[in-house]
Every structure is written in structure tokens, then in C-alpha cells.
Amino acid sequence: METLSRYFADVEMQPHNERAKLQLHAICRNPRPAGQAITRVALETEFNLDYNGVKLNKHGGLVDAVMLELENNGRIL
């Protein structure tokens, strides 16, 4: 919950199901501003996932486009 609270103002943890004790269910609301650097790292990580032990590194243009769109819409400080 501590990690989620860094990124969301409201975090609600749901009780686990007896059959799925290793699963966590969290409801996160009111995201906190992450800033440009953290947002870029998160996008680069998400869009350059490992594919059978290889990173394809073809995500740069997509990350740049998403960052530009976020900046133009006032979503990144």
C-alpha cells in the first residue's frame, strides 16, 4: 500500500479471496502528479517489454508522441 500511496491519493485494499490468497486487489483513485521523468520511465518500461529475452527497442517514437500529447494537454507538470 505504501508504494501505491506514492502515486495515488486514495488507495483502498480489498480483502483477499480465501481461494486466491496470493492475489491483491486495490482500488486506486486520484492519481498524484508524477512529473515528466517518472512518466517517461514508466512509458519506456511499458512499451519496451521483454520478448523472449530480447528487448526490441522500437518504442522511442511512441513514447515521444505520448509525452508530447500529455504535455500539450497539461497533464504533465
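Quick note: structure is the one above.
This report concerns the structure included in the present document. (Residues numbered from 1 in each chain as written. Predicted model: local features only at pLDDT ≥ 70, side-chain atom pairs only at ≥ 80, totals over all residues. Heavy atoms only, no water.)

## Remarks on the overall build of the protein chain
Logical step 1: From N to C terminus, the protein chain includes three helices and four strands.
Logical step 2: Scanning the protein chain from its N terminus toward the C terminus, one meets helices and strands in the order α-β-β-α-β-β-α.
Logical step 3: What you see for the protein chain is a C-alpha radius of gyration of 16 Å, clearly larger than the 11 Å of a compact globule of 77 residues, by over 25%.
Logical step 4: Along the first, second and third principal axes, the C-alpha atoms of the protein chain reach 45 × 35 × 15 Å.
Logical step 5: For the protein chain, buried positions account for 12% of its 77 residues.
Logical step 6: Taking all contacts inside the protein chain whose residues are at least 6 apart in sequence as the whole, residues at least 24 apart take part in 31%.
Logical step 7: In the structure as shown, the protein chain presents an accessible area of about 6500 Å², 54% of it carried by carbon and sulfur atoms.
Logical step 8: Charged side chains of the protein chain number 9 positive and 10 negative; the gap between the two group centres comes to 4 Å. (Helix = DSSP H or I, 4+ residues; strand = E, 2+ residues; numbered from the N terminus. Rg over C-alpha atoms; globule rule 2.2 N^0.38 Å. Buried < 20%, exposed > 50% of the residue type's maximum accessible area, 1.4 Å probe, protein only. Contact = heavy atoms within 4.5 Å. Areas by Shrake-Rupley, 256 points an atom, 1.4 Å probe, with all protein chains shown as cover. Lys, Arg positive; Asp, Glu negative; His and termini not counted. Charge placed at Lys NZ, Arg CZ, Asp CG, Glu CD.)

## A closer look at the layout of surface pockets
The gaps left among the atoms become clear once a water-sized probe is rolled over them.
Logical step 1: Volume-wise, the largest pocket comes out at about 370 Å³.
Logical step 2: As for the largest pocket, its lining consists of 13 residues, of which P31, R32, P33, A34 and T39 are closest to the centre.
Logical step 3: Looking at the lining of the largest pocket, its residues break down into nine nonpolar, two polar and two charged. (1 Å grid on protein atoms, 1.4 Å probe; cavity = no way out; pocket = protein on both sides within 12 Å on 5 of 7 lines; lining within 4 Å. Points joined across faces, edges and corners; volume = space filled by probe spheres on them. Nonpolar A, V, L, I, M, F, W, Y, C, P; charged D, E, K, R; others polar.)

## Quick word on the environment of P33
Logical step 1: Structurally, P33 is set in the loop between β2 (25–31) and α2 (36–47).
Logical step 2: Judged by its relative accessible area of 68%, P33 is exposed.
Logical step 3: Taking the C-alpha atoms as reference points, P33 and M1, 32 residues apart in sequence, are found 18 Å from one another.

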